[in-house]
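Chain by chain, the residues run as shown.
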Amino acid sequence: MNAFFLAFAYLRYHWARSLVLVLVTALILSVPLISQVLLNGSQTALTERAAQTPLVLGRRGSQLDLAMNALYFSDDRAEPVTMADADVIWDSGLGLPIPLNTAFETNGARIIGTSLEYFDFRGLELAEGRQMALLGEALLGAKVADRLGLGPGDTVVSAPQNLFDLDGVYPLELNIVGILAPTGTADDEGVFVDVKTSWVIAGIGHGHDGVLDEAATPGEIVASASIVEFNRITQDNIDSFHFHGDPGDYPVSAILVAPNDARAATILRGRYLDAENPVQLIVPKEVIGELVGRIFRIKALLDAVTLIIGGAALAAVALAVFLTYRLRDGEIRTAFKIGARRGMILRLLAAETFIILCTAGAIAFGITFAVQSNGSTIVAWLLAT
Amino acid sequence: MITIKDLCFAYPGGDFQLEIPTLSLEAGEKVAVVGPSGTGKTTLLNLIAGITVPASGSVFMGDQLVSAMTDPERRALRASRIGFVFQDFALLDYLSARENILFPYRIAAGARIDAQARARAQELAASCGLAGKLDRHPNALSQGEQQRVALCRALIMQPQLVLADEATGNLDPANKTAILDLLFARTAEQGATLLAVTHDHELLPRFDRVIDFSAFRRTEGPAA
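Presented here is a report on the structure given in the accompanying data block.

The rules behind the values
Residues numbered from 1 in each chain as written. Chains lettered and ligands numbered in written order. Predicted model: local features only at pLDDT ≥ 70, side-chain atom pairs only at ≥ 80, totals over all residues. Heavy atoms only, no water. Axes fitted to C-alpha atoms, helices over the stretch in contact; angles between N-to-C directions. Helix = DSSP H or I, 4+ residues; strand = E, 2+ residues; numbered from the N terminus. Left-handed = near helix turned anticlockwise from the far one by under 90°. Contact = heavy atoms within 4.5 Å. Nonpolar A, V, L, I, M, F, W, Y, C, P; charged D, E, K, R; others polar. Buried area = accessible area lost by both parts, 1.4 Å probe. Salt bridge = Lys/Arg side-chain N within 4 Å of Asp/Glu carboxyl O. Polar contact = N/O pair within 3.5 Å; in protein donor to acceptor, adjacent residues only side chain to side chain. Buried < 20%, exposed > 50% of the residue type's maximum accessible area, 1.4 Å probe, protein only. Phe/Tyr/Trp six-rings, centres within 6.5 Å; stacked < 30°, edge-to-face > 60°. Lys NZ or Arg CZ within 6 Å of the ring centre and 35° of its normal.

1. Some thoughts on the packing of helix 10 (residues 329–337) of chain A against helix 11 (residues 342–373) of chain A
Residue and element names in this part refer to chain A.
Okay, so step 1: The contact between helix 10 and helix 11 brings their axes to 10 Å, and the two run at 145 degrees. The two elements helix 10 and helix 11 meet at a crossing, and its hand is right-handed. Note on element contacts: helix 11 touches helix 10 through Ile-345, Leu-348 and Leu-349, opposite Glu-331, Ile-332, Ala-335 and Phe-336.
Okay, so step 2: Of the residues in the contact of helix 10 with helix 11, the class split is six nonpolar, no polar and one charged.

Structural data, given as structure tokens:
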């Protein structure tokens, strides 16, 4: 007890030095723990969601970018495919196509234009409000709703892609009608709208007041030069919303495909094997499996680097502790002269080291626990960016 | 109290050699050790305290042969029967004056800080003019006050022998006198023997005896 009393008194009096030693040691201990926690979380999140997504259709290119965009709504978007590609799947009768249009954002959250089948496909349930039914309506993922403090009856405005995009993406005010129950997946971070609403944001569909100039002379048809486009879809103006062009050409970022069975999945995969085909059909489980394999190969390297850096940092801490003991040589000599037992001096030094290590360990454990508690959020954020 | 016979000590590899054929200190005696630097004054204190051991000869404390004790036995002897006062005070900066005074209790085998020990620390501090300053750390005390704390620490275990190594060397004249007064008064009160190394010849008349190391590295004689 005397050793601990003296050690604690010393550490408390020299609090700045003690704090630095404790924090450095805590960081050395927590970095490998945190990386392990996040890697395990990432592996679980990646493989689980990939396993629940049999096939993804998208523009030929990076399979990983396509998988990450379709599964985690990441920023890595390839050129879009079209609704005609979804129709091909539908017409084959081999599976259900679920479009995903992830081109837009609002308040830092991804807007996901999709169909109602998506919610059944992912097993998403409503925590509040109702399912979206009309153009311009949105459902918020649990974490987005929590972060923005919004609920049914509120609105969010889509972010313009470019301030100078005069003929394209105008901000559209979306009516929030429901909040999804938390799932611990990327869906918690999304704002879901009908795919047609995403096309309105894209400027493919729009609503405006009357084109005809009512002040024109009776009998004459004069178009008004001051057409007002609606930036919010309401009961009053919803009928004025319409789309231009061929629906088959409307873009989607990716198409989730739920095949009827394994045989249908095999047939579908066979149809997109041709390298000349601008569209590819990937199996996310395989793509993500390869990624996880790479991550763990990198992790082995990271572990080695962490070990070396950690060892070097611990050596630096040990040197600092050793130099402190040298600085305390006078104190130790005094203690020796007035009769301190050899074991007492050793216990005093050991008690200090023990207190530093225990405090650092507790902090490292606390940080790791905090990271683990918010692991799904951190992993979802890491995967989406 | 202390008896030295045929003592010979040399530092390994050094040309310094201390030889003391005979030296004795009576219980309660106050003895000064004088002499130029490097003549072995501090070495003498270390030999008596068992911090170093002689190459030959014997050092007795009472009927105990210190020079033949094991290291743990010598440490225990110092902790229980010898008080040290150093020139640089050697206080622990991270402990309050009270905890510095009680420090020997924390390092000695079998010693325990109880209410009696705390009361004794309080009483010693009060008698040395430190009442009200016991919660201060050394850096909040003057040099004179720091040496008073060191003095209290040397006396807290009620030692039979107090060894003072230039205890007044870093003090101004006023504090020098005050500390010496306290040292004499407290050791007399406890019936302890005092052996003090000093360079201050003005203080010598206050001692019972002076051992002069200047001539032959070993000189013994009565005070003037």
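Still to come is the rest of the account.
2. A look at the interface of chain A and chain B
Okay, so step 1: Residue-level contacts link 20 residues of chain A with 24 residues of chain B.
Okay, so step 2: At the boundary of chain A with chain B, total buried surface from both sides reaches about 2200 Å², with 62% on carbon and sulfur atoms.
Okay, so step 3: Among the residues chain A hides against chain B, the three largest losses belong to Tyr-13, Lys-337 and Ile-338 of chain A. Together they make up 32% of the total.
Okay, so step 4: Between chain A and chain B we count zero salt bridges in total.
Okay, so step 5: The interface formed by chain A and chain B contains eight residue pairs in polar contact (both at pLDDT 80 or more).
Okay, so step 6: Counting only elements with at least two residues in the side of chain A that touches chain B, the list comes to helix 1 (2–13), helix 10 and helix 11 of chain A.
Okay, so step 7: The element that contributes the greatest number of residues to the side of chain A that touches chain B is helix 1 of chain A, accounting for six residues.
Okay, so step 8: Of the residues in the side of chain A that touches chain B, the class split is eleven nonpolar, four polar and five charged.

3. Here we look at the pattern of salt bridges
Okay, so step 1: Under the definition given, this model contains 17 salt bridges over all chains.
Okay, so step 2: Where Glu-137 of chain A meets Arg-130 of chain A, a salt bridge forms, and the shortest distance between an N and an O atom there is 2.6 Å.
Okay, so step 3: Among the salt bridges present, the one from Glu-189 of chain B reaches Arg-186 of chain B, with a minimum N-O distance of 2.8 Å. Within this pair, Glu-189 of chain B and its partner Arg-186 of chain B are both found in helix 6 (residues 173–190), separated by three residues, close to a single helical turn.
Okay, so step 4: You can call Glu-189 of chain B exposed: its relative accessible area is 56%.
Okay, so step 5: On the accessibility criterion, Arg-186 of chain B (12% relative accessible area) is buried.
Okay, so step 6: One salt-bridge network, in which partners are shared between bridges, spans Arg-328, Glu-331 and Glu-352 of chain A.

4. Structural notes on the packing of aromatic side chains
Residues and elements named next belong to chain A.
Okay, so step 1: One pass over the structure, following the stated rule, counts eleven aromatic pairs over all chains.
Okay, so step 2: Each ring, one from Phe-73 and one from Phe-192, has its centre 6.3 Å from the other, and the planes form 80 degrees; the classification is edge-to-face. Pair noted here: Phe-73 is in the loop between helix 3 (63–72) and strand 2 (81–82) and Phe-192 is in strand 9 (residues 190–194), with a separation of 119 residues, a long-range link.
Okay, so step 3: A relative accessible area of 3% means that Phe-73 is categorised as buried.
Okay, so step 4: The structure contains a cluster of three or more aromatic residues connected by ring pairs, namely Phe-73, Tyr-118, Phe-119 and Phe-192.
Okay, so step 5: The cationic tip of Arg-49 hangs over the ring face of Tyr-72; the distance from NZ or CZ to the ring centre is 6.0 Å.

5. Some points on the environment of Val-287 of chain A
Residue and element names in this part refer to chain A.
Okay, so step 1: Position of Val-287 among the secondary structure elements: in helix 9 (residues 284–327).
Okay, so step 2: Take Val-287: its relative accessible area is 9%, and that puts it in the buried class.
Okay, so step 3: With residues near it in sequence (within four places) discarded, Val-287 still touches Gln-63, Leu-64, Ala-67 and Ile-282.

6. Re unusual backbone geometry
Okay, so step 1: Its identity is not glycine, yet Phe-73 of chain A carries a phi of approximately 55 degrees, on the positive side.
Okay, so step 2: Non-glycine residue Ala-90 of chain B carries a positive phi angle of around 50 degrees.
Okay, so step 3: You can see Ala-90 of chain B is positioned in the loop between strand 6 (82–86) and helix 3 (97–107).
Okay, so step 4: The class of Ala-90 of chain B is buried, set by a relative accessible area of 13%.

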